[in-house]
Amino acid sequence: DVKVTQSSRYLVKRTGEKVFLECVQDMDHENMFWYRQDPGLGLRLIYFSYDVKMKEKGDIPEGYSVSREKKERFSLILESASTNQTSMYLCASSFNDRKNSPLHFGNGTRLTVT
Amino acid sequence: AQSVTQPDIHITVSEGASLELRCNYSYGATPYLFWYVQSPGQGLQLLLKYFSGDTLVQGIKGFEAEFKRSQSSFNLRKPSVHWSDAAEYFCAVGAWASGTYKYIFGTGTRLKVLA
């Protein structure tokens, strides 16, 4: 089975801190994604990557950046955390060569910014 | 623009009753369609997917979904709900948007199961 692992289940950070959320997948997927999930808003795409060192903005990239130095790892960075970034963050991965390839999700990181 | 609508935010059913969760999409071409389930505190798990062929697709945990092109719908069904099915359900479409391939999610339907 595909395994997508997010390094933390819960994080509490202070306003202004730099925050790193890590995600690793073990199925050699080309595509990796970061979503944010908020009640009533569903999943919103923050950033995605189709290859190593490649990144593309999603629908809500403001306040975030990403890094993909290795194929299996995709990091989400909050440069200066703010309270409106309190949310559930979901990492996902998929194959690139099949458009019916589903997303495989990690268990999520619930981030609280105080 | 591509979009996915799940008109029911909450649904409550009794254990053993049948279930139908609605999903409508907006996309110009034939979409790739998915249903996911999210248990509390967990990530999303794929239930089933459709991309061509038979319009009735079977998934895990006894779920099925039917693609109806004329109605732009992909409704999820289960004949007899179990208490463990209580979760949030997301419909998604895989589609080309602005030159890139994206997965677009609905806002979810939260299912409550009464004993």
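Quick caveat, the model's predicted, so the values are computed rather than measured.

Chemist: Please explain the overall build of chain A as it appears in this structure.
Modeler: Along its length, chain A carries zero helices and 12 strands. For chain A, whose C-alpha radius of gyration is 13 Å, the value lies close to the compact-globule estimate of 13 Å for 114 residues. Here the C-alpha coordinates of chain A stretch approximately 40 × 30 × 25 Å along the principal axes. Taking all 114 residues of chain A together, the buried fraction comes to 49%. With an accessible surface of roughly 5500 Å², chain A has 47% of that area assigned to carbon and sulfur atoms. Positive and negative charge centroids in chain A, built from 17 and 15 side chains respectively, lie 5 Å apart.

Chemist: How do you make sense of the pairing of strand β9 (residues 73-78) of chain A when you look at a structure like this?
Modeler: Here is the key point about a regular strand: its side chains alternate between the two faces of the sheet. All names here are of chain A. For β9, a buried count of five out of six residues is recorded, marking the element as mostly surrounded by other parts of the structure. Strand direction decides the pairing type here: strand β3 (residues 19-21) and β9, joined by three bridges, are antiparallel. Each bridged residue has a counterpart across the sheet, and for V19 the counterpart in β9 is L78. Relative to β9, strand β8 (residues 64-70) is paired through five bridges, and the arrangement is antiparallel. By the bridge assignment, S67 is partnered in β9 with S75. Where β8 hands over to β9, the hairpin turn is made up of two residues, counted between the paired strands.

Chemist: How should I be thinking about the interface of chain A and chain B in this particular structure?
Modeler: You'll often see interface size given as the accessible area lost when the parts meet. Facing the 22 residues of chain A at the interface are 21 residues of chain B. Interface of chain A and chain B: buried area, both sides summed, is about 1800 Å²; carbon and sulfur atoms make up 57% of it. The interface formed by chain A and chain B holds one salt bridge in total. Of the charged contacts, one joins K102 of chain B and D59 of chain A as a salt bridge, the two residues approaching to 3.8 Å between their closest N and O atoms. Taken together, the connections running from chain A to chain B amount to five residue pairs in polar contact (both at pLDDT 80 or more). Contributions of two or more residues to the side of chain A that touches chain B are made by β5 (31-38), β6 (42-49) and β10 (87-94) of chain A.

Cut-offs applied
- Residues numbered from 1 in each chain as written.
- Chains lettered and ligands numbered in written order.
- Predicted model: local features only at pLDDT ≥ 70, side-chain atom pairs only at ≥ 80, totals over all residues.
- Heavy atoms only, no water.
- Helix = DSSP H or I, 4+ residues; strand = E, 2+ residues; numbered from the N terminus.
- Rg over C-alpha atoms; globule rule 2.2 N^0.38 Å.
- Buried < 20%, exposed > 50% of the residue type's maximum accessible area, 1.4 Å probe, protein only.
- Areas by Shrake-Rupley, 256 points an atom, 1.4 Å probe, with all protein chains shown as cover.
- Lys, Arg positive; Asp, Glu negative; His and termini not counted.
- Charge placed at Lys NZ, Arg CZ, Asp CG, Glu CD.
- Pairing = 2+ DSSP bridges.
- Contact = heavy atoms within 4.5 Å.
- Buried area = accessible area lost by both parts, 1.4 Å probe.
- Salt bridge = Lys/Arg side-chain N within 4 Å of Asp/Glu carboxyl O.
- Polar contact = N/O pair within 3.5 Å; in protein donor to acceptor, adjacent residues only side chain to side chain.

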